[in-house]
Amino acid sequence: MVSRVIPVDPFDLVIFGGTGDLARRKILPGLFRRFCAGQMPKGARVIGAARGDMDSAAYRDFVAEAIAEFGGIHSCEEGTLAGFLERMEFVTIDARGDKGWDELAKLVRPDVVRAYYFSVGPSLFADLAHRLNAHGLTDADSRIVVEKPFGRDLPSAKALNRDLAMHFDESQIYRIDHYLGKETVQNLMAVRFGNMLFEPLWNSQYVDHIQITVAETVGVGGRGEYYDKSGAMRDMVQNHLMQLLCLIAMEPPSKFDPDAVRDEKLKVIRALDDVEPYHIVRGQYEASESEPGYREAVGDPRTRTESYIAMKVGISNWRWAGTPFYLRTGKMLKARSSEITVVFKELNHSIFGEQSDHRNVLSIRLQPNEGITLGVTIKEPGPGGMRLVDVPLDMSFAEALGADGADQTDAYERLIMDVIRGNQTLFMRGDEVEAAWAWTDPIINGWEARGEVPKTYDAGSEGPVDAVQLLARDTRVWRKVAP
Ligand code: NAD
C-alpha cells in the first residue's frame, strides 16, 4: 500500500516562539519530515520568530540540532537536510513591542499562503494578532494557528476568542488540539462512518457503556508549577478527552466537511449532562522510588489540584440517553495507554442456556500499538458440549497496513499541512471551545467551593481505589490499564 503525498501550495510559515520547546520537539522536526516526504513545494519557507538574539545562520544550526534530536533524520535522503535548512529564516521579534516587525514584513511574501503559528504563551496571542494586523502582514487568506491552552475557563476563552476575532475571521483561526491530528483518532471517524457494521448498533439500545482512557506513566516532571495551575480536568479532559468523546458520540455529519463535523461535535458538548460530585474521583500520585509525589513535585504540600480524574458522564439525546461514558486520565499510572472501549450489551436471550455475560467489546487503541480489537464470542474448541468463550479479533494497524501503518505521521506535521491547505476539520471552532468550558467550569467551581481534596494513589497503579468503586456501583469494571 502506497501513501499518497500531495504537495501543498507555496507558503511562508512564521513560527512565533520558533526557539521554544514545542518548536524544537514537534513543529520543526515535523516540518522536516514533510519536506522529506516531498510535501513542501519549492516556494515554501519557514520563518522562526522569537525573542532571543539570533540570525538566520544560527537558527539553521538550532533547527539542525532539533532535527537530529527529535526528527528521525535517517528517514531522509542524504543531503536534503541542507535543502530544508535553506528554507529557514529567523527574525528577532518582540510580541509586545515594535522590535522585528518591519523586518518580518519585508520577509513575508504576499503572494503565497501566509500562516502564523502562535507557539508562545496564551498571554501573547492578542498582542500577536494585533501587531500582525497593524503591520499589514495579513489578508483575508492568512491563517493563524493557536496553541493550547485556549483559556482556563469560559470567561478567559471568550476573551481570547474576542481578541482574535477583532483581527481574524473564524475561518482563519486554527485552534490546535494535537489529539485530533493522531492517525487513530481520525480512524474513529473512518471506522464509524466507513463501515456498515457498527453504526446501526451505535446507540443506547445496543451499547451498555463506553470507556475513554488516556493514561500516562510520566509525572509532572519539570512542569510542576505550570501543571498545578491547571490539573487533569483543564489539561486533558476539557480538550483531548472531550474531543474523543465528541467523535465517538456525534451524529454522522452529512459530509466530511469542517463545519459539518464541528456542528455535530458541538451538539454533543451541548447535550452533556451536569456531572454529580459523586460521579467524579480526583487523585494525586504518591512518590515512587525514583520520583517525588505530586505535591512535592509541584512544590506545594497543600495543593488540591488533581493529577488524575475519573468521571461518569451522561449525554441527554436520543442516541445516548441511558448509556454512561466513563472517562479517566492521569499521570504516573501503570502504563502509557490511550484507548476507547465500546462495551455492547448482553444478548437479550441466549439459546445456550445459563452461560451469561458474553458481550462484544470494541476497543480502539490510540497509543501505543494503534489498532482495533473486537471481542467476539465463539465455541470453546474440543468435545464436551457447547461452551462459549470470548476471543479477540485483533488488528494492529502496523501489521494490517504494512510500512504505511507503521509510518505514523506525527499529529503536528499533519495538522500544519492542513493549515496550509486551508482545511479546518481537525481544529476546534471557537464555539466548541466555549461550550466545553461552559460544561467544565461548574464542575471545577464546585470542587473549589466545597474545598475538595483529591484522593491519593500509588505511582505505577491504575489510579485511586475510589475510581474502581465508581464503576463497581454500576456493576461494571474498568478495562485494565495495560500497554
Ligand atoms: P517555551 O517557553 O519553550 O518557548 C516560548 C517561546 O516564545 C520562545 O521561543 C520565546 O523566545 C518566545 N517568546 C516569549 N516571549 C516572547 C515575546 N514577548 N515576543 C516574542 N517571542 C516571545 O514554550 P513552549 O513549551 O514552546 O510552548 C509554546 C506554546 O505551546 C504555549 O502556549 C504552550 O502552552 C503550548 N504547548 C506546548 C507544548 C510543549 O510540549 N512544549 C505542548 C502543547 C502546547
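The structure displayed is predicted, hence computed values, not measured ones.

(A) Quick look at the site of the ligand. Among the 21 residues in the neighbourhood of the ligand, the closest are listed as Thr-19, Asp-21, Arg-25, Ala-95 and Val-120. Contact distances for the ligand include 2.7 Å between an oxygen atom and a side-chain N or O atom of Thr-19. Residue Arg-51 places a main-chain N or O atom 3.2 Å away from an oxygen atom belonging to the ligand. The element that contributes the greatest number of residues to the shell around the ligand is helix α1 (residues 21–36), accounting for three residues. Partitioning the shell around the ligand into residue classes produces nine nonpolar, six polar and six charged.

(B) Focus on the pattern of salt bridges. Evaluated as defined, the whole model comprises 40 salt bridges. As a salt-bridge pair, Glu-452 and Arg-450 come within 2.7 Å of each other at their nearest N and O atoms. Between Asp-466 and Lys-455 there is a salt bridge; the shortest N-O distance is 3.8 Å. Note that Asp-466 is positioned in helix α16 (residues 465–472) and Lys-455 in strand β15 (residues 455–457), a separation of 11 residues in sequence. The class of Asp-466 is partly exposed, set by a relative accessible area of 33%. Since its relative accessible area comes to 40%, Lys-455 is described here as partly exposed. Three or more residues are tied together by salt bridges with common partners; here these are Asp-208, Lys-312, Glu-346, Arg-359, Asp-474 and Arg-476.

(C) Structural context of unusual backbone geometry. The omega torsion of the bond from Lys-148 to Pro-149 falls at 5°, within 30 degrees of zero and hence cis. With respect to the element layout, Pro-149 can be found in the loop between β5 (143–146) and α6 (154–165). Cis rather than trans, the peptide bond between Gln-367 and Pro-368 has omega equal to -15°. Here Pro-368 shows up in the loop between β12 (361–367) and β13 (371–379). One non-glycine residue with positive phi stands out, namely Met-332, at about 55°. Structurally, Met-332 is set in the loop between β10 (325–330) and β11 (337–344). For Asn-369, which is not glycine, the phi torsion reads 55° and is therefore positive. You can see Asn-369 is positioned in the loop between β12 and β13.

(D) Empty space enclosed by the protein, seen in detail. Within the structure shown, the criterion is met by one cavity of 30 Å³ or more. The computed volume of the largest cavity comes to approximately 110 Å³. Taken together, 15 residues make up the lining of the largest cavity; nearest its centre are Phe-150, Gln-238, Asn-239, Met-428 and Val-433. For the lining of the largest cavity, the elements supplying multiple residues, two or more each, are α9 (231–249) and α15 (430–450). It is α9 that provides the largest number of residues to the lining of the largest cavity, a total of five residues. The residue inventory of the lining of the largest cavity, partitioned by class, reads eight nonpolar, four polar and three charged.

(E) Looking closely at the packing of aromatic side chains. Scanning all chains against the criterion turns up 17 aromatic pairs. Ring centres of Phe-32 and Phe-35 lie 6.5 Å apart, and the angle between their planes is 20°; this geometry places the pair in the stacked category. Here Phe-32 and its partner Phe-35 are both found in helix α1, three residues apart, which amounts to about one turn of the helix. For the pair Phe-32 and Phe-35, one class covers both residues: buried. Three or more aromatic residues joined by ring pairs form one cluster here, namely Phe-16, Trp-101, Tyr-116, Phe-118 and Phe-125. Residue placement shows Arg-175 over the ring face of Phe-150; its charged tip is 5.0 Å from the ring centre. The cationic tip of Lys-182 hangs over the ring face of Tyr-179; the distance from NZ or CZ to the ring centre is 5.0 Å.

(F) Here's a closer look at the pairing of strand β2 (residues 45–50). The buried fraction of β2 is high, at six of six residues. What you see with β2 is no split at all: Arg-45, Ile-47 and Ala-49 on one side and Val-46, Gly-48 and Ala-50 on the other are buried throughout. Two elements, strand β1 (residues 11–16) and β2, share five bridges in a ladder whose sense is parallel. Counterpart to Asp-12 in the pairing with β2 is Arg-45. You can see the chain leave β1, run along α1 and come back into β2, and the turn it takes is right-handed. Pairing geometry for β2 and strand β3 (residues 88–92), over five bridges, is parallel. Paired with Val-46 across the two strands is Met-88, which belongs to β3.

(G) Up close: α1. In this model, α1 (16 residues) spans 22 Å end to end at C-alpha, consistent with the 22 Å of a helix rising 1.5 Å per residue. At Ile-27, α1 shows its maximal bend, which comes to roughly 30°, and the proline Pro-29 appears one to four places after that position. Of the positions making up α1, those classed as buried are Leu-22, Ala-23, Ile-27, Leu-28, Pro-29, Gly-30, Leu-31, Phe-32, Arg-34 and Phe-35. Trailing α1 by a residue or two, Gly-38 shows a phi angle of about 85°, which is positive.

(H) The arrangement of the sheet that holds strand β6 (residues 173–175) in detail. The strand order across the open sheet built from six strands is β3-β2-β1-β4-β5-β6, with neighbouring strands paired in parallel fashion. Among the strands making up the open sheet, the edge pair consists of β3 and β6. Within this sheet the neighbouring strands show an average axis-to-axis angle of 20°, counted without direction.

(I) Structural view of the nonpolar core. Core analysis: the largest hydrophobic core is formed by 144 residues, its most contacted members being Phe-16 and Met-311. Aside from chain neighbours lying at most four places away, what touches Met-311 is Met-233, Val-237, Val-275, His-279, Ile-280, Phe-325, Tyr-326, Leu-327, Trp-439, Ile-443 and Leu-470.

What counts, and where the lines are drawn
Residues numbered from 1 in each chain as written. Predicted model: local features only at pLDDT ≥ 70, side-chain atom pairs only at ≥ 80, totals over all residues. Heavy atoms only, no water. Near = heavy atom within 4 Å. Polar contact = N/O pair within 3.5 Å; in protein donor to acceptor, adjacent residues only side chain to side chain. Helix = DSSP H or I, 4+ residues; strand = E, 2+ residues; numbered from the N terminus. Nonpolar A, V, L, I, M, F, W, Y, C, P; charged D, E, K, R; others polar. Salt bridge = Lys/Arg side-chain N within 4 Å of Asp/Glu carboxyl O. Buried < 20%, exposed > 50% of the residue type's maximum accessible area, 1.4 Å probe, protein only. 1 Å grid on protein atoms, 1.4 Å probe; cavity = no way out; pocket = protein on both sides within 12 Å on 5 of 7 lines; lining within 4 Å. Points joined across faces, edges and corners; volume = space filled by probe spheres on them. Phe/Tyr/Trp six-rings, centres within 6.5 Å; stacked < 30°, edge-to-face > 60°. Lys NZ or Arg CZ within 6 Å of the ring centre and 35° of its normal. Pairing = 2+ DSSP bridges. Right-handed = clockwise from strand over helix to strand, strands pointing away. Expected span 1.5 Å × (residues − 1). Bend = angle between axes of the 7 residues up to and from the residue. Axes fitted to C-alpha atoms, helices over the stretch in contact; angles between N-to-C directions. Core = buried A, V, L, I, M, F, W, Y, C linked by side-chain atoms within 4.5 Å. Contact = heavy atoms within 4.5 Å.

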